[in-house]
Amino acid sequence: RVAVVGAGVSGLAATKGCLDEGLEPTCFEQSQDIGGLWRYTEHIEAGRPSLYPSVISNTSKEMSAFSDFPFPEHFPVFLPNALLLDYLRRFAERFGLRERIRFGTTVVSIRKRPDFGTTGQWSVVTEAGGKQTSEVFDAVMVCSGNFSEPSLPLQCFPGIERFRGQYFHSRQYKHPDVFQGKRVLVVGMGNSGVDIAVEASRVAAKVTISTSRGAWLFSRVFDHGYPWDMILNTRLMSLIKTNLPRPLSWWLVNYKVNKWFNHENYGLQPEKSWLVREPVVNDDLPSYILTGRITIKPGVKEFKDNSVLFHNCPEEEPIDVVVFCTGYNISFPFLEESVVRVENKHASLYKYVFPTHLQKPTLAVLGLIKPQGAIIPVAEMQARWVTRVFKGLCQLPSQSVMEKEVNEKKKNQIQWFGLTFDEVLKTEWLLYLDTLASFIGAKPSVLGLLCTDPWLALTIFFGPCSPYQYRLGGPGRWEGARQAILTQWDRILKPTRTRVPAGSSSSFPSLLIVVGFLLLLAAVIFGF
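The name recorded for the chain in an unreviewed UniProt entry is Flavin-containing monooxygenase 1, from Erythrocercus mccallii. The record in UniProt for the chain states the following under Cofactor (unreviewed entry): "FAD".

Student: Pulling in residues and values, what's your account of the overall build of the chain?
Tutor: When helices and strands are tallied, the chain shows 17 helices and 26 strands. Sequence-distant contacts in the chain: of pairs separated by 6 or more residues, those separated by 24 or more amount to 68%.

Student: Describe the sheet that holds strand β5 (residues 122-128), naming the residues involved and giving the relevant values.
Tutor: Spatial strand order, β4-β5-β6: three strands in an open sheet with antiparallel pairing. With one partner strand each, in any of the chains shown, β4 (106-112) and β6 (131-137) form the two edges of the open sheet. Taken over all neighbouring pairs, the strand axes of this sheet differ in orientation by 20° on average, direction set aside. Where β5 meets β6, seven bridges bridge the pair, whose relative direction is antiparallel. Among the inter-strand pairings, V125 is bridged to a residue of β6, identified as S134.

Student: Hey, could you go over the nonpolar core for me, with residue numbers and the actual values?
Tutor: In this structure, M141, F179, F354 and W385 are the most contacted members of the largest nonpolar core, which totals 121 residues. The element contributing the most residues to this core is helix α10 (residues 375-390), with nine residues. The contact partners of F179, leaving out residues within four places of it in the chain, are F168, Y173, V184, I196, A200, V203, A204, V321 and V323. The next biggest cluster of nonpolar side chains, apart from the first, holds 23 residues, and it includes F28, W122, F137 and F332.

Student: Can you tell me about the sheet that holds strand β1 (residues 2-5), naming the residues and giving the values?
Tutor: The strands that make up a sheet pair up through hydrogen bonds in the backbone, lying either parallel or antiparallel. Within the open sheet, the five strands sit side by side as β3-β2-β1-β7-β24. Their pairing is parallel. Two strands lie at the open edges of the sheet, namely β3 (101-103) and β24 (363-365), each paired on one side alone. Ignoring strand direction, the axes of neighbouring strands in this sheet form an average angle of 20°. Both strand β7 (residues 139-142) and β24 contribute to a ladder of three bridges, which runs parallel. When the sheet's bridge partners are listed, V142 is paired in β24 with V365.

Student: How would you sum up the side chain of S238? Please name residues and give values.
Tutor: Note that S238 resides in helix α7 (residues 235-243). For S238, a relative accessible area of 6% translates into the label buried. Look past the residues within four positions of S238 in its chain and what remains in contact with it is E428, L430 and L431.

Student: Help me get a handle on the pairing of β5, residues and values and all.
Tutor: Among the seven residues that make up β5, five are buried, leaving the element largely enclosed by the rest of the structure. Direction of pairing for β4 relative to β5: antiparallel, over a ladder of six bridges. Bridged to I110 within β5 is V124. Hairpin connection between β5 and β6: a loop of two residues separates the two successive antiparallel strands, and G129 in this loop has a positive phi of roughly 60°.

Student: Outline the pattern of salt bridges, supporting the account with residue identities and numerical values.
Tutor: In the structure shown here, the tally under the stated rule is 28 salt bridges. R471 is the salt-bridge partner of D68, the closest N and O atoms lying 3.8 Å from each other. Within this pair, whereas D68 is found in the loop between α2 (61-64) and α3 (81-94), its partner R471 is found in the loop between α14 (454-462) and α15 (481-486), the two being separated by 403 residues in sequence. For the residue pair D68 and R471, the accessibility class agrees, reading buried in each case. The salt bridge partner of K351 is E405, with a shortest N-O separation of 2.6 Å. On the criterion of sequence distance, the pair formed by K351 in the loop between β22 (349-350) and β23 (354-355) and E405 in helix α11 (residues 399-417) is long-range, its members being 54 residues apart. With relative accessibility at 15%, the residue K351 sits in the buried group. Residue classification places E405 among the partly exposed positions, given a relative accessible area of 25%. Look at the salt bridges and you will find they share partners, linking K16, D20, D68, E380 and R471 into a network.

Reading the values: rules and limits
Residues numbered from 1 in each chain as written. Predicted model: local features only at pLDDT ≥ 70, side-chain atom pairs only at ≥ 80, totals over all residues. Heavy atoms only, no water. UniProt positions renumbered as here; feature names shortened; annotations may be inferred. Helix = DSSP H or I, 4+ residues; strand = E, 2+ residues; numbered from the N terminus. Contact = heavy atoms within 4.5 Å. Pairing = 2+ DSSP bridges. Axes fitted to C-alpha atoms, helices over the stretch in contact; angles between N-to-C directions. Core = buried A, V, L, I, M, F, W, Y, C linked by side-chain atoms within 4.5 Å. Buried < 20%, exposed > 50% of the residue type's maximum accessible area, 1.4 Å probe, protein only. Salt bridge = Lys/Arg side-chain N within 4 Å of Asp/Glu carboxyl O.

As structure tokens, then:
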């Protein structure tokens, strides 16, 4: 019996993963519906994520799908939150997940049983309708998310206590009418910060974004009009990034992100441009800067009664409203601190999943990661691995080996992503998926396929690393995986080619067929 906490993306992946492996999941969801972050409600609910109605996915549908359940071909390439929720409901219906979910049930506590050292079992106390119930489970999958507890470090902003205007965390934001005719300051330049600034600029008198470190900006529309993640998240690109000398790799990243527009000219260049930072995805910001609707400023130095002073800027900026886009805290109120210890907004977990010190690996945390790509395939792969660990089909390394890797990862992330409040949650998407897939025997063999199915091998290597690749073989093999890979461009073009008949689905030049084998040979030499 496995207890699953939460019925968002990770919880649904966990529940299905359990069913696929013959386990008995019980999913506890405190609200009355599935969807987690992607279920919009007009009112903010305690303990639940909150999103604004205009939210659109930053990753394309082909790269965001569950690996054995493609999005409908008529769905747009990037999903409004309502359609993504519709997809999650279709997924739950298709695999019979709803009957495994107890809605309106809050997890109060999860504690080790007295005989945990031998059984690995947990006592799970839940509350529904004012009544508490205690049950015993053989394992626990924590899928409660990390967008429910806002981080609002007001102590870092001198003078905020005397500011007479309005200020709030981005979690409180729903509609732009609150900014009508106001002078707005957005503190922070993550995806939410830029989205809110763009929306505010359409009704506000003036909008300023304050960022101390800048950011790389991607458009959803990338090279030749294709989705950014289908161009960048390929095995070829991953091979180049991991094998090129670091200075050359940094130069390549700088070149690629500045191809759309010169970040330095727009005040967006990251403070240390040689660090590969988490990109912000927004299609409008450059033109809004160009037309004066949004101004970029350095970090906040001090707030005054009705204005703000920025670092290295002598003049005060009058403002009426401040939106703090300062991220979220990570917490597990139902767990003892000794089980998952959170320090500096980071939980030290092996592969971002398993606590390193438990006598029995029967508790896992899913979705607590910021991959440079879609979260759904990552959560699903975590679930596939975790369920096989629970069954004893996959073994974890020793405690010392796991702790050493966790500490090393903290150090290495600084080189690639810079010092940010949640730096250690960020990881390279494709490499992480491949690592977990290799644990369960689901990583595709490009060289093996080259002998048996060369066109598929070329598509996998040069094309986007869509999640279906991880269903070609191994446990959970899906018969439709090959067809899904070869038709992925059809589903991308279907909702956009609405005026003319769809032509060839391939985005690759015909030269690919000629040079493909030569480049694959180079891949072998590189040790791919």
